[in-house]
Amino acid sequence: MSDPAEFVPKSDFLRIMRERGFIHQCTDMEALDAAALAGPVTTYVGYDATADSLHIGHLISIMMLRWLQKTGHKPIVLMGGGTTKVGDPTDKDQQRPLLSDETIAANIASIRQTFAKFLTFGEGPTCAIMGNNAEWLEKLGYVEFLREYGVHFTVNRMLSFDSVKLRLEREQPLSFLEFNYMLMQATDFLELHRRYGCVLQMGGSDQWGNIVNGVELVRRVAQKAAFGLTTPLLTTSSGQKMGKSVGGAVWLNADKLSPYDYWQMWRNTEDADVGRFLKLFTDLPLDEIARLEALRDAEINEAKKILANEATTLLHGAEAAATAAGAAKAAFEEGRLSADLPTHETPRAELEAGVPLATLAADAGLASSRSEARRLAQGGGLRLNDAPESDGQRMITLADCNSEGLIKLAAGRKKIVLVKPV
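Residues numbered from 1 in each chain as written. Predicted model: local features only at pLDDT ≥ 70, side-chain atom pairs only at ≥ 80, totals over all residues. Heavy atoms only, no water.

Undergrad: How would you explain a nonpolar patch on the surface if you had to name every residue and give the values?
TA: On the surface, a nonpolar cluster with roughly 330 Å² of combined accessible area is contributed by Tyr 142, Leu 146 and Phe 176. The residue Tyr 142 is located in helix H6 (residues 142-148) in this model. Here Tyr 142 falls in the partly exposed class, since its relative accessible area comes to 48%. (Patch = residues over 30% accessible without salt bridge, like charges linked within 9 Å, V, L, I, M, F, W, Y side chains within 5 Å. Areas by Shrake-Rupley, 256 points an atom, 1.4 Å probe, with all protein chains shown as cover. Salt bridge = Lys/Arg side-chain N within 4 Å of Asp/Glu carboxyl O. Helix = DSSP H or I, 4+ residues; strand = E, 2+ residues; numbered from the N terminus. Buried < 20%, exposed > 50% of the residue type's maximum accessible area, 1.4 Å probe, protein only.)

Undergrad: If you had to explain the state of the cysteines to someone new, which residues and values would you point to?
TA: Inspection of every chain in the model, using the stated rule, returns zero disulfides. Free of any disulfide, Cys 127 has its nearest cysteine sulfur in Cys 198, 16 Å distant. The buried category is assigned to Cys 127, whose relative accessible area is 16%. This cysteine, Cys 198, is not joined by any disulfide, and Cys 26 carries the nearest cysteine sulfur, 14 Å off. (Disulfide = S-S within 2.5 Å.)

Undergrad: Which residues make up helix H4 (residues 101-115), and what are the values?
TA: Between its terminal C-alpha atoms H4 stretches 22 Å, which fits the 21 Å expected from 15 residues at 1.5 Å a residue. Along H4, the residues classified as buried are Ile 104, Asn 107, Ile 108, Ser 110, Ile 111, Thr 114 and Phe 115. Along its buried surface, H4 packs onto strand E2 (42-48), helix H3 (56-70), strand E3 (74-80), strand E4 (129-132) and helix H15 (300-316). (Expected span 1.5 Å × (residues − 1). Contact = heavy atoms within 4.5 Å.)

Undergrad: If you had to explain the pattern of salt bridges to someone new, which residues and values would you point to?
TA: One pass over the structure, following the stated rule, counts 18 salt bridges. Across the pair Arg 291 and Glu 288 runs a salt bridge whose closest N-O atoms are separated by 2.9 Å. Taken together, the positions of Arg 291 and Glu 288, both in helix H14 (residues 286-293) and three residues apart, correspond to about one turn of that helix. Among the residues examined, Arg 291 registers a relative accessible area of 45% and is labelled partly exposed. Given the relative accessible area of 26%, Glu 288 is considered partly exposed. Measuring nitrogen to oxygen at the nearest pair gives 3.3 Å for the salt bridge that ties Glu 302 to Lys 305.

Undergrad: Quick one: what's the story with the sheet that holds strand E11 (residues 382-384), residue by residue and with numbers?
TA: Reading across from one edge, E9-E15-E14-E11-E12 is the order of the five strands in this open sheet, with mixed pairing throughout. Strands with a single pairing partner mark the edges of an open sheet, and in this sheet they are strand E9 (343-346) and strand E12 (387-388). Pairing of E11 with strand E14 (residues 407-411) involves three bridges; the strand directions are antiparallel. Residue pairing in the sheet places Arg 383 in a bridge with Ala 410 of E14. (Pairing = 2+ DSSP bridges.)

Put into structure tokens, the structure is as follows:
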């Protein structure tokens, strides 16, 4: 398995992947580069439907598929209607909750909309297609599955992968159901190879073991070349895992996280991450990114706004990005309220009786819990109608509404919510 750092690719696809920081591991860079030069490379990334929206942790692989298509290759988005029922043990301390067929179907329907914003679907040679592994996994009989696929895997090798080894070292339970997951994922690669000529699977570095299994299964059964390519796990320069906001996961569906909050998340990027995130999450050319990441002090804020605008435009559209930028400018630079700021509705009767500030702040998403909101207030990080408020138990009532009938709550200098009595 070749070292990506030592190879200079000639294909547009791998060159861009390397220049923009997407590549962590590859099973054979030289051979994959040759395949990409020879013609369209059909490639897949799998997404289990454990929630009704993808989150920002999935965005890096979506951008990989986007660049793959932009450089003349064919993406496959594989929804895990079958594998979701089992649960991937990768990077998990315990088995995932098992979801019903109805919940999985509803999640897949909700997730579909995200991909259409980044990829072009259709019938052309490089148009993206979407599949569902339930289509073949649910038809496999258990004895057939063991005879056709199980014979190609040894328990010794399966135990050597980090996703399994770490669970065992921690003496945490690993069910036989989950142990089968890596075989099922390898089956996906072989099935996609048979149906569409798929020769490359991409994913996060935590999927390396599962991907290698699929590569080897295609080579053994179909006796054809296959490849795996992983990207680094996404962390900030301070070492924090990216993908969490104050209120929880950074979801990609607008009904779970507003375009304004999504824009603000990018606007609040650490200075040291601006250039890297511009490369990974926007289509901006590298020379423009080099200019932006060279900015210093107050000027770097302009680069952050461009990052926020570009990333939000890709996911939610130019109009939503402009609206979010305008609302942020009004709130933070001009001191005005904007109707486009996030709004949290609270029953009027509750405000008539009074709601503790920490409770209201947590409910509005300014803190992950009431205790965190109280600590935020004590540290001077909560503001009520632009005035610092250090008492998390201070009762908020209708008397705190401004002339527009709203209560303005802010956490730090970067997050504002308008509380609206209803």
